Amino acid sequence: MCRELLLACLGVGAAVGAIGISSRRLPRHYLTVMITVWSVAAIPFFLLAVTDDFWLMGLVLFVFGVGDGVGMVIWGTLLQRRVPRSMLGRVSSLDFFVSLAMMPVSMAVAGPVAQVLPLWVIFALPSIGIPLLGIICYVLADLHGDELRHPILLIHSQDDGFVPSGPSAALA
């Protein structure tokens, strides 16, 4: 019963995050928000290995779920807006395939790693690794520069009738 409730905390968090971000405009600095939310939400993950407190575990999983929900909605939106229509099917399929392919790999690695490393180390790795990878990705891929070069307000097809106004008109 307790495991089910903890998984429910993760799912409710993901739903809250997804509904929250999708019910408002996409953030202007969409890549910054996506990477930051994923990174920050992963930090408390190590607490799952060092606490017996059910409510703390539920809170950690809820926060992780919120970050996942927010990040996945932004990611999905960016796939639709930044990938050319002629390639969207292939890129979406590749994205889905890679996500699915990594799941069994992570499960296959988890068992042997659990025999070698203490549980707190296994949970600390994503708590430290995800934010570090986020920073590295953000800096090396120049994500801030990319979102400035490709403001989401101006990404429209030629035939959708969009006419920029207000601050967007100055950028157009």
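Structure shown above.
It should be emphasised that the depicted structure is a prediction, and the values quoted were computed from it without experimental measurement.

This part takes up the overall build of the protein chain. When helices and strands are tallied, the protein chain shows 8 helices and 0 strands. Listing every helix and strand of the protein chain by position from the N terminus yields α-α-α-α-α-α-α-α. For the protein chain, the residues scored as buried account for 25% of the 172 residues in total. Within the protein chain, contacts between residues at least 6 apart in sequence are counted, and of these 73% link residues at least 24 apart.

Further remarks concern the packing of helix α2 (residues 30-42) against helix α4 (residues 54-82). Here α2 crosses α4 at 155°, and the two axes come no closer than 8 Å. When the axes of α2 and α4 are compared, the pair comes out roughly antiparallel. For the pair α2 and α4, the sense of crossing is left-handed. Listed contacts from α4 to Tyr30, Leu31, Val33, Met34, Val37, Trp38, Ala41 and Ala42 of α2 are Val63, Phe64, Gly67, Asp68, Val70, Gly71, Met72, Ile74, Trp75, Leu78 and Arg82. Among the residues making up the contact of α2 with α4, the classes are represented as 15 nonpolar, 2 polar and 2 charged.

What follows deals with the packing of aromatic side chains. Pairs of aromatic rings are described using the distance from one ring centre to the other and the angle between the two planes. Under the definition given, this model contains 3 aromatic pairs. Centre to centre, the rings of Phe45 and Phe64 are 4.9 Å apart; their planes meet at 35°, and the pair counts as tilted. Of this pair, Phe45 sits in the loop between α2 and α3 (47-50) while Phe64 sits in helix α4; the two residues are 19 residues apart in sequence, bridging distant segments of the chain. The buried category is assigned to Phe45, whose relative accessible area is 17%. Taking the relative accessible area as the measure of exposure, Phe64 reaches 25% and is therefore partly exposed. Seen in terms of ring centroids, Phe54 and Trp55 are 4.9 Å apart; in terms of plane orientation they differ by 80°. Their pairing is edge-to-face. Residue class for Trp55 comes out exposed when judged on its relative accessible area of 64%. Of the aromatic side chains, those joined through ring pairs into one cluster are Phe45, Phe64 and Phe123.

Quick notes on the rules
- Residues numbered from 1 in each chain as written.
- Predicted model: local features only at pLDDT ≥ 70, side-chain atom pairs only at ≥ 80, totals over all residues.
- Heavy atoms only, no water.
- Helix = DSSP H or I, 4+ residues; strand = E, 2+ residues; numbered from the N terminus.
- Buried < 20%, exposed > 50% of the residue type's maximum accessible area, 1.4 Å probe, protein only.
- Contact = heavy atoms within 4.5 Å.
- Axes fitted to C-alpha atoms, helices over the stretch in contact; angles between N-to-C directions.
- Parallel < 35°, antiparallel > 145°, perpendicular 65-115°, else oblique.
- Left-handed = near helix turned anticlockwise from the far one by under 90°.
- Nonpolar A, V, L, I, M, F, W, Y, C, P; charged D, E, K, R; others polar.
- Phe/Tyr/Trp six-rings, centres within 6.5 Å; stacked < 30°, edge-to-face > 60°.

Without other data, these values stay purely geometric and don't point to any function.
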